[in-house]
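Here are the chains, one letter per residue:
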Amino acid sequence: MKENEFIHTIQNIFNTGNTAALATIVRTRGSTPRKAGSKMIVYQTGAITGTVGGGCGEGEVIEKALEVINTGLPVIHEVDLTSGLLYEDGGICGGIMDVFIEPLL
């Protein structure tokens, strides 16, 4: 998604009174599917716009974003893609991502 489309989507969230969270990768170490600056919007329904990499790591970010929506408190969440379980599921990344998740209320 292009930057201006992403901004328009966020404006639409505020204009319609919807609730969502914005997840932004702020730091990576090792091999990760996406790099710092990648963004994803998570809606209260669990639907998303954008991506922080897919797979188990993205599912973990969605789950944490739903908590952020409920509490209204931003967090930095570490996604560790180095565990053996991810390799068994076919994941090829072996790094760590720090994801800043903030509410869009």
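Because the structure is a prediction, the values reported are computed rather than measured.

Rules of the game
- Residues numbered from 1 in each chain as written.
- Predicted model: local features only at pLDDT ≥ 70, side-chain atom pairs only at ≥ 80, totals over all residues.
- Heavy atoms only, no water.
- Helix = DSSP H or I, 4+ residues; strand = E, 2+ residues; numbered from the N terminus.
- Contact = heavy atoms within 4.5 Å.
- Areas by Shrake-Rupley, 256 points an atom, 1.4 Å probe, with all protein chains shown as cover.
- Pairing = 2+ DSSP bridges.
- Axes fitted to C-alpha atoms, helices over the stretch in contact; angles between N-to-C directions.
- Core = buried A, V, L, I, M, F, W, Y, C linked by side-chain atoms within 4.5 Å.
- Buried < 20%, exposed > 50% of the residue type's maximum accessible area, 1.4 Å probe, protein only.
- Expected span 1.5 Å × (residues − 1).
- Polar contact = N/O pair within 3.5 Å; in protein donor to acceptor, adjacent residues only side chain to side chain.

Caption draft 1: Structural detail: the overall build of the protein chain. A count of helical and extended segments in the protein chain gives 3 helices and 5 strands. Scanning the protein chain from its N terminus toward the C terminus, one meets helices and strands in the order α-β-β-β-α-β-α-β. Partitioning the intrachain contacts of the protein chain with sequence separation of at least 6 by distance along the chain shows that 51% fall at a separation of at least 24. With the model as given, the accessible surface of the protein chain reaches about 5,800 Å², and the carbon-plus-sulfur share is 53%.

Caption draft 2: Molecular detail of the sheet that holds strand 2 (residues 39-43). Taken in spatial order, the 5 strands make up an open sheet running 3-2-1-5-4, and their pairing is antiparallel. Two strands close off the open sheet at either side, each with one partner strand: strand 3 (48-50) and strand 4 (75-80). On average, adjacent strands in this sheet sit at an angle of 25° to one another, irrespective of strand direction. Where strand 1 (residues 20-29) meets strand 2, 5 bridges bridge the pair, whose relative direction is antiparallel. Residue L22 lies in a different strand from strand 2, and its bridge partner there is I41. The strands touched by helix 1 (residues 3-16) are strand 1, strand 2, strand 3 and strand 5 (96-104); relative to strand 2, the strand with the most contacts, the crossing angle is about 25°.

Caption draft 3: Spotlight on the nonpolar core. Core analysis: the biggest nonpolar cluster contains 16 residues, and A21, M40, V61, V79, M97, V99 and I101 have the highest contact counts within it. It is helix 2 (residues 55-71) that contributes the most residues to this core, 5 residues altogether. Sequence-distant contacts of V99, defined by excluding residues within four places in its chain, comprise A23, T24, I25, V61, V75, I76, H77 and V79. Core analysis: the second largest hydrophobic core is formed by 7 residues, F6, I13, A20 and I41 among them.

Caption draft 4: Looking closely at the pairing of strand 2. As paired elements, strand 2 and strand 3 share 3 bridges and run antiparallel to each other. The residue bridging V42 from the neighbouring strand is I48, located in strand 3. As consecutive antiparallel partners, strand 2 and strand 3 are separated by 4 residues, and within that stretch G46 has a phi angle of approximately 95°, a positive value.

Caption draft 5: A look at helix 1. Here helix 1 contains 14 residues, and its C-alpha end-to-end distance of 20 Å stays within 8% of the 20 Å for a straight helix at 1.5 Å per residue. Where helix 1 is buried, its residues meet strand 1, strand 2, strand 3 and strand 5. One or two positions beyond helix 1, positive phi appears at G17, with a value near 80°.

Caption draft 6: Structural view of the side chain of D98. Mapped onto the fold, D98 is located in strand 5. Here the side chain of D98 touches R29 through a polar contact of 2.9 Å, side chain to side chain.

Caption draft 7: Layout of the side chain of H77. Looking at the secondary structure, you find H77 in strand 4. A polar side-chain atom of H77 sits 2.7 Å from a polar atom in the side chain of E60. When near neighbours in sequence (up to four residues on either side) are disregarded, H77 contacts E60, K64, M97, D98, V99 and I101.

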